Amino acid sequence: MAANKNKGEKSKNPPPKKKQRNDLFTQKKRPTKKDEVFDDVSDGQTEEEEEEIEEAEDLLDGDEQVSDFDDASEISDDDDVPLADDFLQGDDDNEDRDSGSVSGSGSDSDETDIEKKSRAIDEQRAREEDDAQAEMQLNIKEESDEFRLPTKEELEAEEQSPPDLANLQMRIREIVRVLSNFKDLRQEGTSRKDYIDILKMDLGSYYGYNEFLIGVLVDMFPVVELMELIEAFEKPRPTCIRTNTLRTRRRDLADVLSKRGVELDQLSKWSKVGLVVYNSHVPIGATPEYLAGFYYIQGASSFLPVMALAPQEKERVVDMAAAPGGKTTYVAALMKNSGIIYANEIREARLKSLTANLHRMGVTNTIVCNYDGRELPKVLGQNSVDRVLLDAPCSGTGVITKDSSVKTSKSLDDIQKCAHLQKQLILAAIDMVDANSKSGGYIVYSTCSMMVLENEAVIDYALKKRDVKVVPCGLDFGCHGYIRFREHRFHTSLENTRRFYPHVHNMDGFFVAKLKKMSNAKKNPVSSEDSETVEQTHRAEEIGSDKDNIKELEQHLKKQGAKGKKKSLKKNGLLENGKVESPPTSKKRERTENGKAESLPTSKKRKRKFPSKEEITRAREEKRKTLREKKKQARKR
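Residues numbered from 1 in each chain as written. Predicted model: local features only at pLDDT ≥ 70, side-chain atom pairs only at ≥ 80, totals over all residues. Heavy atoms only, no water.

The next point concerns the sheet that holds strand 2 (residues 262-266). Strand pairing in a sheet is mediated by backbone hydrogen bonds. Such pairs are either parallel or antiparallel. The strand order 2-3-1-4 describes an open sheet built from four strands, whose pairing is antiparallel. Edge positions in the sheet fall to strand 2 and strand 4 (295-297), since each of these pairs with one other strand and no more. Each adjacent strand pair in this sheet contributes to an overall mean axis angle of 35°, direction not counted. The strands touched by helix 12 (residues 250-259) are strand 1 (239-243), strand 2, strand 3 (274-280) and strand 4; relative to strand 2, the strand with the most contacts, the crossing angle is about 155°. (Pairing = 2+ DSSP bridges. Helix = DSSP H or I, 4+ residues; strand = E, 2+ residues; numbered from the N terminus. Axes fitted to C-alpha atoms, helices over the stretch in contact; angles between N-to-C directions. Contact = heavy atoms within 4.5 Å.)

With that settled, consider the pairing of strand 9 (residues 442-447). Within strand 9, five of the six residues are buried, leaving the element largely enclosed by the surrounding structure. Where strand 8 (residues 387-391) meets strand 9, five bridges bridge the pair, whose relative direction is parallel. Considered in strand 9, the bridge of R387 is made with Y442. (Buried < 20%, exposed > 50% of the residue type's maximum accessible area, 1.4 Å probe, protein only.)

Looking now at a negative patch on the surface. On the surface, E128, E129, D130, D131 and E135 cluster together into a negatively charged patch. Here E128 is to be found in helix 5 (residues 82-142). Under the relative-accessibility criterion, E128 is labelled partly exposed at 49%. (Patch = residues over 30% accessible without salt bridge, like charges linked within 9 Å, V, L, I, M, F, W, Y side chains within 5 Å. Areas by Shrake-Rupley, 256 points an atom, 1.4 Å probe, with all protein chains shown as cover. Salt bridge = Lys/Arg side-chain N within 4 Å of Asp/Glu carboxyl O. Lys, Arg positive; Asp, Glu negative; His and termini not counted. Charge placed at Lys NZ, Arg CZ, Asp CG, Glu CD.)

Attention now goes to the pattern of salt bridges. Oppositely charged side chains can form a pair if their charged atoms are brought close together. Applying the stated rule across the entire model yields 18 salt bridges. Here E115 and R119 are joined by a salt bridge, their closest N and O atoms 4.0 Å apart. Of the two residues, E115 and R119 both sit in helix 5, four residues apart, roughly one turn of that helix. A residue is classified by how much of its surface remains accessible, and E115, at 17% relative accessible area, is buried.

Before going further, it helps to spend a moment on the packing of helix 9 (residues 192-207) against helix 11 (residues 223-233). Their axes nearest at 13 Å, the elements helix 9 and helix 11 cross at an angle of 10°. Between helix 9 and helix 11, the interaxial angle falls into the category roughly parallel. Contacts between helix 9 and helix 11 involve I196, L199, L203 and Y207 from the first element and V223, L226, M227, I230 and E231 from the second. Among the residues forming the contact of helix 9 with helix 11, the class breakdown is eight nonpolar, no polar and one charged. (Parallel < 35°, antiparallel > 145°, perpendicular 65-115°, else oblique. Nonpolar A, V, L, I, M, F, W, Y, C, P; charged D, E, K, R; others polar.)

Time to look at the packing of helix 7 (residues 165-180) against helix 9. A pair of packed helices is captured by two measures, namely the crossing angle of their axes and the spacing between those axes. In the contact formed by helix 7 and helix 9, the axes pass within 10 Å of each other and the chain directions differ by 145°. When the axes of helix 7 and helix 9 are compared, the crossing they make is left-handed. The residues of helix 9 that touch helix 7, namely those facing L165, L168, Q169, R171, I172, I175, V176, V178 and L179, are R192, Y195, I196, I198, L199, D202, L203, S205 and Y206. The residue inventory of the contact of helix 7 with helix 9, partitioned by class, reads 13 nonpolar, two polar and three charged. (Left-handed = near helix turned anticlockwise from the far one by under 90°.)

Turning our attention to the side chain of K327. Positionally, K327 belongs in helix 15 (residues 326-335). Exposure remark for K327: the relative accessible area of 11% places this residue in the buried category.

In total, this model carries ten aromatic pairs according to the counting rule given. For the ring pair Y206 and Y207, a centre distance of 4.9 Å and an interplane angle of 75° mean the geometry is edge-to-face. According to the relative accessible area criterion, Y206 is partly exposed, its value standing at 27%. According to the relative accessible area criterion, Y207 is buried, its value standing at 13%. Judged by centre distance (5.6 Å) and plane angle (55°), the ring pair of Y290 and Y295 falls under tilted. Residue Y290 shares its accessibility class with Y295, and that shared class is buried. Clustering of aromatic rings is evident, with ring pairs tying together W270, F303, Y330, F477 and F500. Above the face of the Y290 ring, R360 is positioned so that its terminal group lies 4.1 Å from the ring centre. (Phe/Tyr/Trp six-rings, centres within 6.5 Å; stacked < 30°, edge-to-face > 60°. Lys NZ or Arg CZ within 6 Å of the ring centre and 35° of its normal.)

Written as structure tokens, this is what we have:
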């Protein structure tokens, strides 16, 4: 712009003044050859010839003036004819004026066009800035810090129309902002519950969750952390492999795979056998090393239960839900193929993958069985093993990244059914463990669920039913388990349990708890329920009340004679000391058809017969009458 303006200013400078006629005569220059020729010819020619020569000279002078304006006035000489000089000079002036006007008008037009364009650009830019500023001020006025919730009519209109994802995302972001500073940003006349209800609805519509699951997640996490969790569920977890220490070392495996074009690195400091794969030019599940059993493709969260179990060599270990064999092979590697591992799987179709992985990984100390986990104490025996790993079947709410159908397929009934099965399995696992084991006596319970009913509630149930306690898992990271959640209150030792989240630890959602069996005694039988214990207490109270009734009946019968007393007692099945008379055993023999005597089986002892309610009420009424008579007699005296 500055260059254009300078150019325009230069173009506006006045053109140099025309040289006066006197200057032409005073400022003489060396004549050119053309001038000399014209001078010689003009001396010897007639007027007509001179005119022709002058016309030719004018043409030549015009050409030179077009090429060089400054030299046009210097062509003439002092010896020229005055008329010719006047004619030539006038012609020169006209040509100078014409050429100057042409060149000046061209340059001025160019300069004016550039200035107009630059001025138009400046004006347009200024206009855009003014419009942007006005729009920003308008948006500030329209969208204040106070976020307005949509009305019922607006929500009904949104339900009838296709979902507007941009609007939903904006509203979710605004609700999260308001809830993070609810005291200052909340709308007058609205409660936190109103914002939460709209947030649940929007999250369900935007991310595809059903009402139950999104409601549970909202109850478990603050809104900011909830958004991080949901966003983490939308991203895949890193691919991890576990080195099989029965066949190779992690360093050697990393070198071999890196030569094959696999970009990998150590998983973390907490794992000595894990590797994380960033990129691979070959299928990671079809390399010769994989087929040879050098590594196992396994999620990072699946390392944790086995690390918490910490199996020792020459122990008896049970994996109650073993398929497809990732945890079982890890246990075998830690035990160095010593001891015995019982790998149980209830689904027969999954036994193929389990046995195939055991053979591929070189495991030789494992026995594969196909039983219901709840029946294993009857098969293997109670108090018969050192450690049990229970990776219980669950709802899978921690692995939504792998199975997005969990968002809409799970309900409260599904969670409760899983929790009921898990409680039965953990009691069976505890019953199999020997509390007197020198090196063991531990149970590890794990799930890939984030539901409290499947995790902390199950462990708390086990603490009430068996003589066990929660011990530290041996994991240096992870979030502590819940001690209280809404209306639930759990044992304080559940702080030793660990929770793992995708948005915090970059692995699948997981729960790990480690139990130590203190004694082989049972607090309550397996089949006992709370209702049964209540019935037992009521039964004991009834027996105690019946004994009191018998005493009252005996006191009433004291007034009668000894003969009547014995008869009534015998009639009621009672002896004189208040005990129930046991009927004599019949040892009579009956003759069979062949004449041999056959002994009848001895009859079982009859159950104690208690007085009927009518007899008890009669005894009480008679007792009350005697007391009243005594009081009347005392008053008369």
